[in-house]
Amino acid sequence: MSAGALLEALGLSVQAGGRTLVHPTHLALRPGQWKALVGPNGAGKTTLLKALATLVPYTGTVRYRGRDVREKPLAYRRALGVVLHEPLLYGELTALENLVFYARLYGLAAPRAAAREKLAAVGLEAYAHEPVSRFSRGMIQRLALARALLHRPELLLLDEPLSGIDARGEGLILNLFREAKERGIAALWVTHRWRRAWDVVDEVVEMQRGTLLGAVPTAGRRPEEWTPSFAEEARG
Amino acid sequence: MKAYLRAVLALAAKDALLERKSFETLIATASFALLLAVVFHFAFDIASAEGARFFPGALWTAILFAGTIGMARSARVDEVEGRGRGAALAPVDRSALFLGKCLFHLALLAVVEAAAVPVFAAAFALRGMALPHLVILGLFLGTWGFAALGTLLAGATAGERATGLLLPVVLFPLLVPVILGGAAVVSAGVTGEVTAATGSWLRLLVVFDVLFTAVPALLYESLMEV
Amino acid sequence: MLRVLVRAQKAVGLSALVLVTVSLYMVFVYAPREATGDVQRIFYYHVATAWNGYLFIAMVALSGLLYLVRKDEAWDAAGRTAAELGVLFISLTLILGSLWARPIWNVWWTWDPRLVTTLILWFIYVAYLLIQAGAEGSPRLKRFAAVFGIVGFLDIPLIHYSVVLWPRGIHPSVLRESGGMPFPMLLTMIVSVIAMTLLGLYLWGRRLEVEELKQRVQRLKEQLLWP
C-alpha cells in the first residue's frame, strides 16, 4: 500500500466466540504520525489496538516497515510501546522495581539507570520506593507510560492513557507525548476525549461497530468544528 | 540466546522478588508439607523398622500435594488485572515466560524440600541415608518434571474459576512416572540397594523432564495468547 | 477429513452394521470354544474396544495439534468428541477386562501393568473432558484442552514404562498372549476390531454432525441478536 508507512494493517479483522469484533480494516501510520482513534464504547477500538500489539489473534496482515510482523515478531515488539487499560504493573513491587524488571526483560544495557531516568521523566522519582498498590490511578497511569517508553519504542499504542488523571498529570503527559512526537515516535491513541488529543494528533479516525468510518486531519481546524457521527447519533 | 536467558532470569527474579515481599506462597507450601509429615506419622502408625519403606512415597506425596497448592497460587500472581501480559509484549520468545516461571517453581520447591526432608526423616524414624547424593538426585529430577508440568497446567488454569479443583485432577495422572520414578530413586538412595532398575528410573526421569520442558515451551505461545 | 466423516456416515454406518452382525456370528458361533470356556469370547471385544480407545486418544492429540495450528473451531469439536468416545471405549475395555478376569484370575482387578496404564489413561481423558466441560466460550481453555490432549498422549509410553518397571505388588504380566492363535480365533479378532472401529467412526461422524448443527444454531442466534 502506501510507501514508507511505519505500520500498516491490511484487511485486519478479529473474531471471538463466533462474533466479529473488528471487520476487515485498513490502517496506516507514517513514521512520526499520530492518529487518534475515537468511537463509542464497544466499537472495537481496544480490540483493534490489542490485535496490533499481537496480544489478540487476528486474521489479515499487520506490516511493520513493510514486513509482516509474524515473520519477525521480536523486532516488532521491540519497536512497540503499549499502554493498555490494565497498567501491567505489579502492585506489590515498588515503582522502581517494576521498571527495573521490564528493563531487564527488554534486555536494556543499564536497567537501573534507564528505570530511574524514565521515572524522573514522568515526575515520579520521589515515589521510586513506594509500592505501586499505594499509587493513585493517575500515578499508575504515568508509571504505565514510563514502562511503555522505557525501551525507546518507535511506535506507541495507547489505550485511554489520560483516564483517571488529574489536570496536572494530564499536562505532564501531554508534554511527554509532544516530546515523543518531536523525537519521531508514531502513535495510535484510543480515546473518548478527542478534544484533549486534538493538538497532539495529526488525524482523528472514527470507529463504530468494528469498522473505521473515516479520518479527519486536525491541521488548521479547531476541535469544536468537528463532530463525530456517533455523537450526532447520541444527540439525535 | 543470551538475551533469551537474561529474560528467563529476569522473569524468575521478578517472581522471587514478589515472593520476598510476603513469603506467603512459601510459608503456605512448606507448612502444608511439614503438616503432612505429622499426619502421615500418626495415620500410618509407623514403626521404626518400616520407616525406610514408607519414607520415599510419603515424602513425594507431600511434595506433590503442597507443590500443587504453591504453583496454583504463584501462577495466579500474573492473572491480577492481566498484568502477565506485560511480559508477553517484551521482545523475547514467549516460551521464556514458561521457563522463567518453571525456574521459580523449581527454586520454591527446592526450599520446601530442604525443610521437608529432615522432618520426614524424623517422622519416619530414618536411621540415616546410605547414598544421600542419590536421594538429592532423585528429588531434583522428580521435582524438575513436576515443576515443568505443574507450571504448564497451573498457568493454563490460573485464570479460571475452578482452578483449585481442576489442577490436581489434571496434573496427577500425568505425573505417574515422576511419582514412581522419584520414589524408586529416593528409596534406592535411602537403603543403598542400587540395581539396574535404578539406572532405568534415572533415564526415565531425565526423558520425562526434557520432554515436558521442551513440549510446553513449544506450545506455550499458542496457549497463552488472548 | 472431518467433512468426509460426516458425509460418509451412511456408508460407514451400514458397513458397521453388517460387520458387527458378522462379528457377532463369528464370536459366538464360528470361533472355537477355548479351554477356559465361553467367557474367553469376551476377549474379542475387549481387544476391539481397547484398540478403539487408543485410536480415539490419538485422534484427541491430533485434533489438538491441528486446532492450535489452524485455530479452527471444527478441530476443537473433533478433539472433544474424540475424547468422549475414547473415554467410552476405555471404560468398556476396563469393564470387559474385569468381567473376564473374575472367572479366569478369580479377581475383579489386578495391578497388572497394562491394566494400570489403561486406568491412568482413563483418568487423564476424564480430566480432559472436565477441562472441556468448562471451556464453552473460552478459547483459552479450549487451547488448554488441546495442549493437555497432546501432553497426555506423549505421556502414555512413559507411564506404561514406569508401571512396568515398578517392582512391588504387581503380578507378572499375565496378559501376554503366548505364541500364535489358531486361525479362526485370529480372524474373529480381526473382524471384531474392524467392526468396532467402523462403529466408532460412525458414532464420531454422528457426534461431529451434532456439533456442526450446534454451531449453526449459535450463528443464527447471533445473527438475530447482533444484526
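Rules and cut-offs
Residues numbered from 1 in each chain as written. Chains lettered and ligands numbered in written order. Predicted model: local features only at pLDDT ≥ 70, side-chain atom pairs only at ≥ 80, totals over all residues. Heavy atoms only, no water. Salt bridge = Lys/Arg side-chain N within 4 Å of Asp/Glu carboxyl O. Helix = DSSP H or I, 4+ residues; strand = E, 2+ residues; numbered from the N terminus. Buried < 20%, exposed > 50% of the residue type's maximum accessible area, 1.4 Å probe, protein only. pLDDT = per-residue confidence, 0-100. Contact = heavy atoms within 4.5 Å. Axes fitted to C-alpha atoms, helices over the stretch in contact; angles between N-to-C directions. Parallel < 35°, antiparallel > 145°, perpendicular 65-115°, else oblique. Left-handed = near helix turned anticlockwise from the far one by under 90°. Nonpolar A, V, L, I, M, F, W, Y, C, P; charged D, E, K, R; others polar. Phe/Tyr/Trp six-rings, centres within 6.5 Å; stacked < 30°, edge-to-face > 60°. Buried area = accessible area lost by both parts, 1.4 Å probe. Pairing = 2+ DSSP bridges. Polar contact = N/O pair within 3.5 Å; in protein donor to acceptor, adjacent residues only side chain to side chain.

Comments concerning the pattern of salt bridges
Under the criterion given, the structure shown has 26 salt bridges over all chains. Across the pair K35(A) and E203(A) runs a salt bridge whose closest N-O atoms are separated by 3.3 Å. Linking K35(A) in strand 3 (residues 34-38) with E203(A) in strand 9 (residues 203-208), this pair joins segments that are 168 residues apart in sequence. E203(A) matches K35(A) in its accessibility class, with the two residues each being buried. Note that K101(B) is salt-bridged to D78(B), the shortest N-O span being 3.0 Å.

So, the confidence of the model for chain C
Residue and element names in this part refer to chain C. Summary statistics for chain C give a mean pLDDT of 86 and a share of 93% for residues scoring 70 or more. Per-element mean pLDDT across chain C ranges from 79 in helix 1 (residues 2-7) up to 93 in helix 3 (residues 42-70). Here residues 169-175 is modelled with pLDDT under 50, and outside its nearest four sequence neighbours on either side it reaches 17 contacts, counting other chains as well. Scored as a whole, the predicted complex attains pTM 0.89, and scored at its interfaces, ipTM 0.89.

Quick look at the confidence of the model for chain A
Looking at chain A as a whole, its pLDDT mean stands at 88, while 95% of the residues score no less than 70. Looking at the elements of chain A, mean pLDDT is at its lowest for helix 8 (residues 229-235) of chain A, recorded as 57, and at its highest for helix 3 (residues 95-105) of chain A, recorded as 96.

Topic: the packing of helix 3 of chain C against helix 5 (residues 113-133) of chain C
Residue and element names in this part refer to chain C. For the pair helix 3 and helix 5, interaxial distance at closest approach is 12 Å and the crossing angle is 40°. The pairing of helix 3 with helix 5 is recorded here as oblique in orientation. Here the hand of the crossing between helix 3 and helix 5 comes out left-handed. Between helix 3 and helix 5, the contacting residues are Y54, I57 and V60 on the first element and T117, T118, L121, Y125 and Y128 on the second. For the contact of helix 3 with helix 5, a count of residues per class yields six nonpolar, two polar and no charged.

Considerations on the packing of aromatic side chains
All told, the structure shown has 23 aromatic pairs over all chains when counted by the stated rule. Between W201(B) and W166(C) the ring centres are 6.1 Å apart and the planes differ by 75°, which places this aromatic pair in the edge-to-face class. Here the residue W201(B) occupies a position in helix 9 (residues 196-224), and W166(C) occupies one in the loop between helix 6 (139-165) and helix 7 (183-225), the pair thus bridging two chains. Here the aromatic rings of F56(C) and W204(C) are separated by 5.6 Å at their centres, their planes lie at 90°, and the arrangement is edge-to-face. With F56(C) in helix 3 and W204(C) in helix 7, this pair connects stretches of sequence that are 148 residues apart.

Digging into the interface of chain B and chain C
Each side of the interface is counted separately: chain B has 37 residues, and chain C has 28 residues. Surface buried jointly by chain B and chain C totals about 2,800 Å² across both partners, of which 77% is contributed by carbon and sulfur atoms. Considering only the side of chain B, the residues that lose the most area to chain C are L174(B), L219(B) and L223(B), jointly responsible for 17% of the buried surface there. At the boundary of chain B and chain C, one finds one salt bridge. Between E79(B) and R140(C) there is a salt bridge whose closest N-O contact spans 3.2 Å. Looking at the side of chain B that touches chain C, the elements that each hand over two or more residues are helix 6 (132-157), helix 7 (163-171), helix 8 (176-191) and helix 9 of chain B. The leading source of residues in the side of chain B that touches chain C is helix 9 of chain B, at 13 residues. Grouping the amino acids of the side of chain B that touches chain C by side-chain chemistry returns 27 nonpolar, six polar and four charged.

Comments concerning the sheet that holds strand 5 (residues 67-68) of chain A
Within the open sheet, the four strands sit side by side as 2-1-4-5 (chain A). Their pairing is antiparallel. Across the chains shown, the open sheet's two edge strands, defined by having one partner strand only, are strand 2 (19-29) and strand 5 of chain A.

What to know about the interface of chain B and chain A
Note: interface size is frequently given as the accessible area lost on complex formation between the parts. Facing 26 residues of chain B, the contacting portion of chain A comprises 26 residues. Taken over both partners, the interface formed by chain B and chain A buries close to 2,500 Å², and the fraction arising from carbon and sulfur atoms is 64%. If you sort the residues of chain B by the area they bury against chain A, R83(B), L89(B) and P91(B) come out on top, with a joint share of 30%. The interface formed by chain B and chain A contains three salt bridges. Among the salt bridges present, the one from K21(B) reaches E97(A), with a minimum N-O distance of 2.9 Å. Between the two partners, chain B and chain A, sit nine residue pairs in polar contact (both at pLDDT 80 or more). Breaking the side of chain B that touches chain A down by element, the ones donating at least two residues are helix 1 (2-22) and helix 4 (85-88) of chain B.

Points about the sheet that holds strand 8 (residues 186-190) of chain A
Residue and element names in this part refer to chain A. Read from one edge to the other, the open sheet built from six strands follows the order 6-7-8-3-9-10, with strand pairing classed as mixed. The sheet terminates laterally at strand 6 (80-83) and strand 10 (211-217), the two strands that pair on one side only. Direction aside, neighbouring strands of the sheet carry axes that sit 15° apart on average. Pairing of strand 9 with strand 10, which is carried by six bridges, proceeds in the antiparallel orientation. Residue pairing in the sheet places Q208 in a bridge with T211 of strand 10. Across the sheet, helix 6 (residues 167-182) touches strand 3, strand 7 (155-159) and strand 8, and the angle it forms with strand 3 is around 135°.

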